[in-house]
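What follows is each chain in one-letter form.
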Amino acid sequence: MSILALAVASLLACAQSQITTESRPSRPAPTHAEPLPGIHVFSTAPYGDVGLDGNSIAIVGDDGILVFDSNGTPDAAQAVLSEIRKISRAPVRYLVHSHWHWDHWYGAEVYAREFPGLTLIAHEKTRELMAGPAIEFNRPGLERDLPAHIAAVEKAVADRRADSGAADQKDAAALERHLAMDRWFLQQKRGVHPTLPNLTFRDRLTIHLGGRSVEVRHEERAITPGDAYLWLPAEKALVAGDLLIYPVTFALFCYPSGWIATLRKLEALRPDVVIPGHGATLRGSEHLALTRELLERELAAARETKAAGEGQEPCKKRLLGDPKFCELRKKITGGDASAEATFELYLVDWFLSRAFAELEAPLDDGIPTER
Ligand SMILES: [Zn+2]
């Protein structure tokens with residue numbers, strides 16, 4: 001090994017050891033709501049500006065507990081499990097994952113370790129994606145994007161520290177806290193042991209949890225090829241995963257017509273309670289209907305624009321000038337500034353790009369490896 005290679009290797013080892021010894025920043029306990037007796041929703045604080053978890057739901061039956069989604073890091077899953085332990089000492093017997101996005105299943109190892117008899121369930125296509133493509137999809141973020149972001153924050157801290165004003169030092173201290181979160185988050189994600197389902201399903205699976213029936217269901221390809229949601233018929237409770245997020249659903253690599261058809265089926269269940277993949281629990285299906293109506297309007301606009309020989313940008317312009325579209329948008333976002341920003345990114349730009357792609361040719365089940 002040359003001197004240069006040795007120096008690079010030791011630098012890398014040093015960087016690695018800095019990462020692996022990162023201490024845990026202070027994190028608030030997950031918030032807890034119980035919208036119906038025995039149905040518990042846990043939400044965690046975001047990981048600074050670098051990530052956020054999906055909701056994790058615990059359903060307590062006489063024979064044990066079913067958990068739906070296990071957060072985006074082992075630490076968050078452990079924090080949720082500690083809260084579950086305050087509610088019940090019964091074992092977690094089932095862990096169901098809604099889809100392959102990391103923020104919903106990277107904490108699975110915590111449950112698998114704690115409960116050796118655990119049945120870990122996902123749709124068969126979700127398992128296929130978790131076993132390889134999902135890991136590859138996350139690789140550029142872990143190897144390139146997050147380290148680059150951390151390096152930029154490190155530089156910003158050094159620049160502030162080099163300036164002498166009290167305001168600069170205060171800024172630097174705030175940035176250092178931000179940096180600690182980013183480093184710890186990277187360490188958590190790099191340390192994940194992907195834990196795969198040991199039971200897959202295609203359409204329906206009913207779990208008898210002792211005094212409760214929980215249906216694990218899949219309709220069509222919607223947000224991903226293998227979305228799973230829960231339906232509790234006796235309670236009329238829907239646990240939607242990212243099929244619905246409150247207030248704005250993250251469309252990403254979605255399947256527009258299948259998603260619309262799926263939302264129609266969810267509405268037809270007439271749920272009393274809807275627990276979204278992220279955000280607050282809802283009463284009734286109004287938000288489902290608003291989101292479905294919006295997507296239908298967009299897909300129709302994409303079809304008409306394409307038939308006229310035009311592309312995504314003219315379609316977007318047309319939608320933004322459509323009073324009905326604007327009314328739906330306002331009802332979905334409530335006029336909230338951050339919801340407005342995510343609305344345009346996910347529900348307009350991402351959704352339209354997938355709508356045009358779907359109108360061009362059937363979409364496949366793969367995950368692009370580059371964002
Ligand atoms: Zn999510």
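Residues numbered from 1 in each chain as written. Predicted model: local features only at pLDDT ≥ 70, side-chain atom pairs only at ≥ 80, totals over all residues.

## A closer look at the packing of helix 10 (residues 323-333) against helix 11 (residues 337-360)
Then comes step 1: Packing of helix 10 against helix 11 brings their axes to within 9 Å, and their N-to-C directions diverge by 130°. Judged by the angle between their axes, helix 10 and helix 11 are oblique. The two elements helix 10 and helix 11 cross, and the hand of that crossing is right-handed. Residues Arg329, Ile332 and Thr333 of helix 10 pack against Ala339, Glu340 and Phe343 of helix 11.
Then comes step 2: Classifying every residue of the contact of helix 10 with helix 11 gives three nonpolar, one polar and two charged. (Axes fitted to C-alpha atoms, helices over the stretch in contact; angles between N-to-C directions. Helix = DSSP H or I, 4+ residues; strand = E, 2+ residues; numbered from the N terminus. Parallel < 35°, antiparallel > 145°, perpendicular 65-115°, else oblique. Left-handed = near helix turned anticlockwise from the far one by under 90°. Contact = placed C-beta atoms within 7 Å. Nonpolar A, V, L, I, M, F, W, Y, C, P; charged D, E, K, R; others polar.)

## Let's talk about helix 2 (residues 74-87)
Then comes step 1: When the terminal C-alpha atoms of helix 2 are compared, their 20 Å separation across 14 residues agrees well with the 20 Å that a helix rising 1.5 Å per residue should span.
Then comes step 2: Regarding helix 2, the residues found buried are Pro74, Asp75, Ala76, Ala77, Ala79, Val80, Leu81 and Ile84.
Then comes step 3: In this structure, the buried side of helix 2 is in contact with strand 2 (39-43), strand 3 (56-61), strand 4 (64-68), helix 3 (108-114) and helix 6 (166-190). (Expected span 1.5 Å × (residues − 1). Buried ≥ 20, exposed ≤ 12 C-beta atoms within 10 Å, placed from the backbone.)

## Quick notes on the pairing of strand 2
Then comes step 1: Counting buried positions over the five residues of strand 2 gives five, a clear majority of the element.
Then comes step 2: Of the two faces of strand 2, both are covered, the one formed by Ile39, Val41 and Ser43 as well as the one formed by His40 and Phe42.
Then comes step 3: As paired elements, strand 1 (residues 31-36) and strand 2 share four bridges and run antiparallel to each other. Within strand 2, the residue paired with Leu36 across the bridge is Ile39.
Then comes step 4: Turn length for the strand 1-strand 2 hairpin, with the two strands adjacent in sequence and antiparallel, is two residues, and the turn residue Gly38 shows positive phi of about 80°.
Then comes step 5: Of the pairings in the sheet, the one linking strand 2 to strand 3 comprises four bridges and is antiparallel in character. When the sheet's bridge partners are listed, His40 is paired in strand 3 with Ala58. (Pairing = 2+ DSSP bridges.)

## With respect to the domain arrangement of the protein chain
Then comes step 1: Looking at the protein chain, the domain boundaries give domain 1 (31-132 + 195-283) and domain 2 (289-360).
Then comes step 2: Measuring from the centre of the C-alpha atoms in domain 1 to the corresponding centre in domain 2 gives 27 Å.
Then comes step 3: Of the residues lining the interface, 16 residues belong to domain 1; the matching set on domain 2 comes to 20 residues.
Then comes step 4: Looking at side-chain class alone, the side of domain 1 that touches domain 2 contains 12 nonpolar, two polar and two charged residues. (Domains from an automatic or database assignment.)

## A short note on the environment of His123
Then comes step 1: For His123, the location among the structural elements is in strand 6 (residues 119-123).
Then comes step 2: Along the chain, His123 and His104 lie 19 residues apart, while their C-alpha atoms are 14 Å from each other.
Then comes step 3: Leaving out residues up to four positions away in the same chain, His123 has contacts with Thr200, Phe201, His218, Gly226, Asp227 and Ala228.

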